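# What the coordinates show
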Amino acid sequence: METLTGTDISKAVELLQHGNLVAIPTETVYGLAGNALDEQVVMQIFKTKNRPEFNPLIVHIASVNHVEKYVESVPDEAFRLMEKFWPGPLTLLLKKKSIIPDITTSGLDTVAIRVPNHLMTLSLLNELDFPLAAPSANPFGYISPTSAQHVLDQLNGKIAYILNGGACNVGIESTIAGFEDGQLIIYRLGGTTISEIESVAGVSAIRIPSSSDLRAPGMLKSHYAPSVPLYFGEIEELIRVHDNDSIAVLCFTGENLPKLPENSVVVKLSPEGNLEVAARNLFAALRHLDRLNIKCILAEPFPVEGLGKAINDRLLRASVRE
Ligand code: TXA
Ligand code: MG
């Protein structure tokens, strides 16, 4: 199959209506989209990504007005979150209606649902009479794509069309939140910060730490990983250990770096110290470093505030750990 890239929304509509997969832009990362209500199509998404079927998909809808077609009920707090953050990088887990096939949610009785904040994909969704299941458009376990080119690099020949909506503005995946027994739970850190969510929900959140619980395999131990080994931690210490290798350093502003071995590569995600810019650049930087002829990537911890927490989470999961 030849994979075309373009900005033709009608073409994407037609392909999706005929049961094909299309890569779509969102504000977070590109998604590998198909009809969320069609079991065959959803099966095809799992296959194309090499994704285990126990790892459920996020369902994308055009606006909050559509949510009740797919979920049993919306708690008041969840409704406030939707009104405030949709369209945007927040996914909510809600009790699903039976119109959502079990395969889409990997047999769970909740569906992960969100309204993406990207004009092209919103017009696409508005022209379809079904929602789009879309995991990040990368092979399972690898770094999520934040440009059409990233998708093409890995899925060329496997899908018919990539809708090119430019570089993703947020650059890391959506935050996943839900309610269990009235408690606000954060399952995955992402583009909406916990403090923003807490202030709108009016309650404090419980963060589910990394675990073997597969409720959100975005929490799987190794994920988002480049092929070159990445070490995450105190940079001076890491440099001491890897002094003799050809290394790349992935850092925030580049200030306060210790003296580096000659020929080291340095990537500063935001010299001006802006965490939103750093998040936007993170995955493209990892992909870039993964193509260089280096022994390892050393990444420093980001400030534990705002998007810095989600950036640290991704770096930890991308890293080599014993
Ligand atoms: O920003 C995003 O969320 C992107 C864009 C394309 O929307 N999508 C994305 O999808 O990151 P994916 O499949 O790479 O990650 C979805 C995460 C997985 O960790 C999955 O386990 C979790 O959501 N998830 C989906 N449905 C769930 C459910 N019913 N209960 C718990 N976790 C769920
Ligand atoms: Mg993913």
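Right, let's get into the domain arrangement of the chain. The domain architecture assigned to the chain consists of domain 1 (4–207) and domain 2 (230–318). A straight line from the C-alpha centre of domain 1 to that of domain 2 covers 28 Å. With 22 residues of domain 1 at the contact, the number on the domain 2 side is 16 residues. Here domain 1 packs against domain 2, burying approximately 1500 Å² in sum over the two surfaces, 57% of which is carbon and sulfur. Sorting the residues of domain 1 by area buried against domain 2 places I143, I172 and L189 first, and these three jointly supply 36% of that buried surface. Residues R207 and D313 are paired through a salt bridge, measuring 3.8 Å at the closest nitrogen-oxygen approach. The tally of links between domain 1 and domain 2 comes to eight residue pairs in polar contact (both at pLDDT 80 or more). With three residues, helix 6 (residues 148–155) is the largest single contributor of residues to the side of domain 1 that touches domain 2. Here the residues of the side of domain 1 that touches domain 2 sort into eight nonpolar, 10 polar and four charged.

With respect to the helices and strands, L132 occurs in strand 7 (residues 132–133). Residues L132 and L57, spaced 75 residues apart in sequence, show a C-alpha to C-alpha distance of 9.7 Å. For L132, the contacting residues outside a window of four places in its chain are L16, I24, A33, G34, N35, A36, I58, V59, H60, L124 and L125.

The subject of this paragraph is the environment of A177. By the secondary structure assignment, A177 is in strand 9 (residues 175–180). The class of A177 is buried, set by a relative accessible area of 0%. Measuring from C-alpha to C-alpha, the distance between A177 and L238 comes to 34 Å, with 61 residues separating the pair along the chain. Not counting residues within four places of it along the chain, the set of residues in contact with A177 comprises L90, T91, L92, L93, L184, I185, I186 and Y187.

The next subject is the layout of surface pockets. Here the largest pocket is characterised by a volume of approximately 350 Å³. Along the wall of the largest pocket there are 19 residues; nearest its centre are P89, V170, G191, E276 and L307. Top element by residues in the lining of the largest pocket is helix 9 (residues 275–290). It accounts for three residues. Partitioned by chemical class, the residues of the lining of the largest pocket number seven nonpolar, eight polar and four charged. If you count residues domain by domain, the lining of the largest pocket takes at least three from each of domain 1 (4–207) and domain 2 (230–318). Roughly 250 Å³ of internal volume is contained in the second largest pocket. In this structure, the second largest pocket is lined by 13 residues; those nearest its centre are L93, K95, T110, F179 and E180. Mapped by element, the contributors of at least two residues to the lining of the second largest pocket are strand 5 (90–95) and strand 9. Of the residues contributing to the lining of the second largest pocket, the split by class is six nonpolar, three polar and four charged.

Conventions and cut-offs
Think of each chain on its own: its residues are numbered from 1, step by step along the sequence as written. Naming scheme: in the order in which they are written, chains are lettered from A and ligands are numbered from 1. In keeping with the predicted nature of the model, local features appear solely for residues at pLDDT of at least 70, side-chain atom pairs appear and are counted solely at 80 or more, and the whole-chain, interface and lining totals rest on all residues. To get the side-chain values, all heavy atoms of the structure are used, and hydrogens and water are removed first. Domain borders in the structure are assigned automatically or taken from a domain database. The contact criterion used throughout is that any non-hydrogen atoms of two residues lie within 4.5 Å. Note: buried area is the sum, over both parts, of the accessible area (probe 1.4 Å) each one loses when the two are combined. The term salt bridge refers to a side-chain nitrogen of Lys or Arg lying within 4 Å of a carboxyl oxygen of Asp or Glu. Polar contacts, as counted here, are pairs of nitrogen or oxygen atoms within 3.5 Å of one another; within protein the pair requires one atom able to donate a hydrogen and one able to accept it, and residues that are adjacent in sequence qualify only if both atoms are side-chain atoms. The way it works is that DSSP assigns letters per residue, a run of H or I at least four long becomes a helix, a run of E at least two long becomes a strand, and they are numbered from the N terminus. For this classification, the nonpolar set comprises Ala, Val, Leu, Ile, Met, Phe, Trp, Tyr, Cys and Pro, the charged set comprises Asp, Glu, Lys and Arg, and every other residue, Gly included, is treated as polar. Partly exposed residues are those whose accessible area sits between 20% and 50% of the maximum for their type, while under 20% is buried and over 50% is exposed, using a 1.4 Å probe and protein chains only. The distinction between a cavity and a pocket rests on a 1 Å grid over the protein atoms alone: a 1.4 Å probe fits inside a cavity but cannot get out, while a pocket stays open yet meets protein on both sides within 12 Å along at least five of seven lines, and a residue with an atom within 4 Å of a point counts as lining. Grid points are joined across faces, edges and corners, and a volume is the space filled by probe spheres set on the points.

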